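If you want the building blocks of each chain, they are given just below.
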Amino acid sequence: MAAKSKPGSDSPIVRTPGGLFAGATYPFRALSLLGKTPKLRGYVLVPILVNLIVGGTLYAGLLFAGFQGIDAAIQNLPAWAAFLDVVLRVLLTILLFLLTGFVLLQFGVLLGSPWYGKLSEELEQLRTGKTAIPPGGVGGIFVEIWRAIAFEIKKLALTAAIALPLLLLNFAPGVGTVVATIGGIALAATIVCLDFLDPALERRRFRFRTKLGIVARNLPASASFGLVCLGLVSIPLINLLAIPLCVTAGTLFFCDRVLPGLGEK
């Protein structure tokens, strides 16, 4: 039986049992739950619509400007080089598709954060019968903004602290490259895991170190959860659907595997 930490302690974390398979199933459990729970769908559909409008506008604008640039670049070329117009247009279309997907991955969570926060809150209430509510009011809004900025800065610092040594390992052929690749994937999965567990963790105002501890102490389930979510959000434009799905999955993971050890009443 896992030992619970004392309520209000600095690290309200438990080492919960579980395996790679269990953690990997949470996105699929989330999909099933959303399909069966109509009241939660609005918190998913609205941010998807917002991201589609923003992403579609960005993509169309860049594509139009890019096609004009291609036309201007090849207008003085000889007739035999006309095939370059088609080649460049195809390449630009694919490149901008990938670029738009990457940009939406970076900013999609921010654009949809008001709905994702409410989705996580409603899901926790549905799953457990209660939820933690952070302080409101004007002061609470400023605290929320500051903590969100601090969270992103700390993620960047963590990424830099680990990614730079991994980058150096690439200069060592063979084993160094393999270690750097595995380390890079592990780092990305950890950051993704933090992102999708954060709505539930942030409602409890946990410190960044505590959040990291929760991810570490729920291994290997948190590892497989992070890897599956990383794969889902890495597919351009599909990540528009994957982000709310993974937010839901992260809250389910929290309710099932983290919350029992927090000692909350």
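*Asks:* Break down unusual backbone geometry for me, with residues and values.
*Replies:* The peptide bond linking Leu 219 to Pro 220 adopts the cis configuration, its omega dihedral lying at 0°. For Arg 205, which is not glycine, the phi dihedral falls at a positive 55°. Relative to the assigned elements, Arg 205 resides in the loop between helix H6 (175–202) and helix H7 (208–217).

*Asks:* So, the side chain of Thr 251: which residues are in play, and what are the values?
*Replies:* Positionally, Thr 251 belongs in helix H9 (residues 239–258). Those residues in contact with Thr 251 that lie beyond four places of it in its chain are Ser 120, Leu 123, Glu 124 and Phe 196.

*Asks:* Describe the packing of aromatic side chains, naming the residues involved and giving the relevant values.
*Replies:* Counted according to the given criterion, the structure contains three aromatic pairs. Ring-pair connections join several aromatic residues into one group, and the members of that group are Tyr 26, Phe 225 and Phe 253. When the ring centre of Tyr 26 is taken as origin, the NZ or CZ atom of Arg 29, which lies over that ring, is 4.2 Å away. Over the ring of Phe 253 we find Arg 257; its NZ or CZ atom is 5.8 Å from the centre of that ring.

*Asks:* Could you give an account of the environment of Pro 27, naming the residues involved and the relevant values?
*Replies:* In this fold, Pro 27 is placed in helix H2 (residues 26–36). Residues contacting Pro 27, with those up to four places away along its chain left out, are Phe 225, Val 228, Cys 229, Leu 232, Leu 245 and Ala 249.

*Asks:* Describe in detail the confidence of the model for the protein chain, supporting the description with residues and values.
*Replies:* Overall, the predicted model of the protein chain reaches an average pLDDT of 80, with 85% of residues at or above 70. Long-range and interchain partners of residues 1–18, a stretch whose pLDDT sits below 50, account for 36 contacts in this model, where long-range means more than four residues apart.

*Asks:* So what's going on with the nonpolar core? Residues and values would help.
*Replies:* The tendency in soluble globular proteins is for nonpolar side chains to be buried side by side. Residues Phe 196, Leu 197, Phe 225, Phe 253 and Phe 254 are the most contacted members of the largest nonpolar core, which totals 44 residues. Counting residues per element, the ones that place at least two in this core are H2, helix H3 (38–74), helix H4 (83–128), helix H5 (137–169), H6, H7, helix H8 (221–233) and H9. For this core, the element with the most residues is H9, which contributes eleven residues. Contacts of Phe 225, omitting those with residues within four sequence positions, involve Gly 23, Ala 24, Tyr 26, Pro 27, Cys 193, Phe 196, Cys 246, Ala 249, Gly 250 and Phe 253. If you look at the next biggest cluster of nonpolar residues, it comprises five residues, including Leu 63, Ile 70, Ile 74 and Leu 96.

*Asks:* Describe the side chain of Arg 203, with residues and values.
*Replies:* When you line up the elements, Arg 203 lands in the loop between H6 and H7. Overall, Arg 203 belongs to the buried group, its relative accessible area being 9%. Among the polar contacts listed, one links the side chain of Arg 203 to the side chain of Ser 120, at a separation of 3.1 Å. Only 3.3 Å separates the side chain of Arg 203 from the backbone oxygen of Pro 199, close enough to count as a polar contact.

*Asks:* Residues and numbers for H8, please.
*Replies:* In a regular helix each residue adds 1.5 Å, so 13 residues correspond to 18 Å; H8 covers 18 Å between its end C-alpha atoms and thus fits that length. Buried within H8 we find Ala 221, Ser 222, Ser 224, Phe 225, Gly 226, Cys 229, Leu 230 and Val 233.

*Asks:* An account of a nonpolar patch on the surface is needed here, citing residue identities and associated values.
*Replies:* A contiguous nonpolar surface patch, about 540 Å² in accessible area, is contributed by Trp 80, Phe 83, Val 87, Leu 88 and Leu 91. Relative to the helices and strands, Leu 88 resides in helix H4. With relative accessibility at 34%, the residue Leu 88 sits in the partly exposed group.

*Asks:* Outline the environment of Thr 25, listing residues and values.
*Replies:* Turning to its location among the elements, Thr 25 is positioned in the loop between helix H1 (20–24) and H2. Note: C-alpha distance between Thr 25 and Ala 221 (196 residues apart in sequence) is 9.5 Å.

*Asks:* Kindly report on the packing of H8 against H9, identifying the contributing residues and their values.
*Replies:* Viewed as axis vectors pointing N to C, H8 and H9 meet at an angle of 170°, and their least axial separation amounts to 9 Å. Our classification of the angle between H8 and H9 gives roughly antiparallel. Note that H8 runs across H9; the crossing there is right-handed. Taking contact as the criterion, the partners of Ala 221, Ser 222, Phe 225, Cys 229, Leu 232 and Val 233 in H8 are, on H9, Asn 239, Ala 242, Ile 243, Leu 245, Cys 246, Ala 249, Gly 250, Phe 253 and Arg 257. The residue inventory of the contact of H8 with H9, partitioned by class, reads eleven nonpolar, three polar and one charged.

*Asks:* Give a detailed account of the pattern of salt bridges, specifying residues and quantitative values.
*Replies:* If you walk through the whole model with that rule in mind, you get 14 salt bridges. Here Glu 202 ties to Lys 211 by a salt bridge, and the two come within 2.6 Å at their closest N and O atoms. Accessibility expressed as a relative area gives 12% for Glu 202, which makes it buried. Accessibility expressed as a relative area gives 2% for Lys 211, which makes it buried.

Definitions and cut-offs
Residues numbered from 1 in each chain as written. Predicted model: local features only at pLDDT ≥ 70, side-chain atom pairs only at ≥ 80, totals over all residues. Heavy atoms only, no water. Helix = DSSP H or I, 4+ residues; strand = E, 2+ residues; numbered from the N terminus. Contact = heavy atoms within 4.5 Å. Phe/Tyr/Trp six-rings, centres within 6.5 Å; stacked < 30°, edge-to-face > 60°. Lys NZ or Arg CZ within 6 Å of the ring centre and 35° of its normal. pLDDT = per-residue confidence, 0-100. Core = buried A, V, L, I, M, F, W, Y, C linked by side-chain atoms within 4.5 Å. Buried < 20%, exposed > 50% of the residue type's maximum accessible area, 1.4 Å probe, protein only. Polar contact = N/O pair within 3.5 Å; in protein donor to acceptor, adjacent residues only side chain to side chain. Expected span 1.5 Å × (residues − 1). Patch = residues over 30% accessible without salt bridge, like charges linked within 9 Å, V, L, I, M, F, W, Y side chains within 5 Å. Areas by Shrake-Rupley, 256 points an atom, 1.4 Å probe, with all protein chains shown as cover. Salt bridge = Lys/Arg side-chain N within 4 Å of Asp/Glu carboxyl O. Axes fitted to C-alpha atoms, helices over the stretch in contact; angles between N-to-C directions. Parallel < 35°, antiparallel > 145°, perpendicular 65-115°, else oblique. Left-handed = near helix turned anticlockwise from the far one by under 90°. Nonpolar A, V, L, I, M, F, W, Y, C, P; charged D, E, K, R; others polar.

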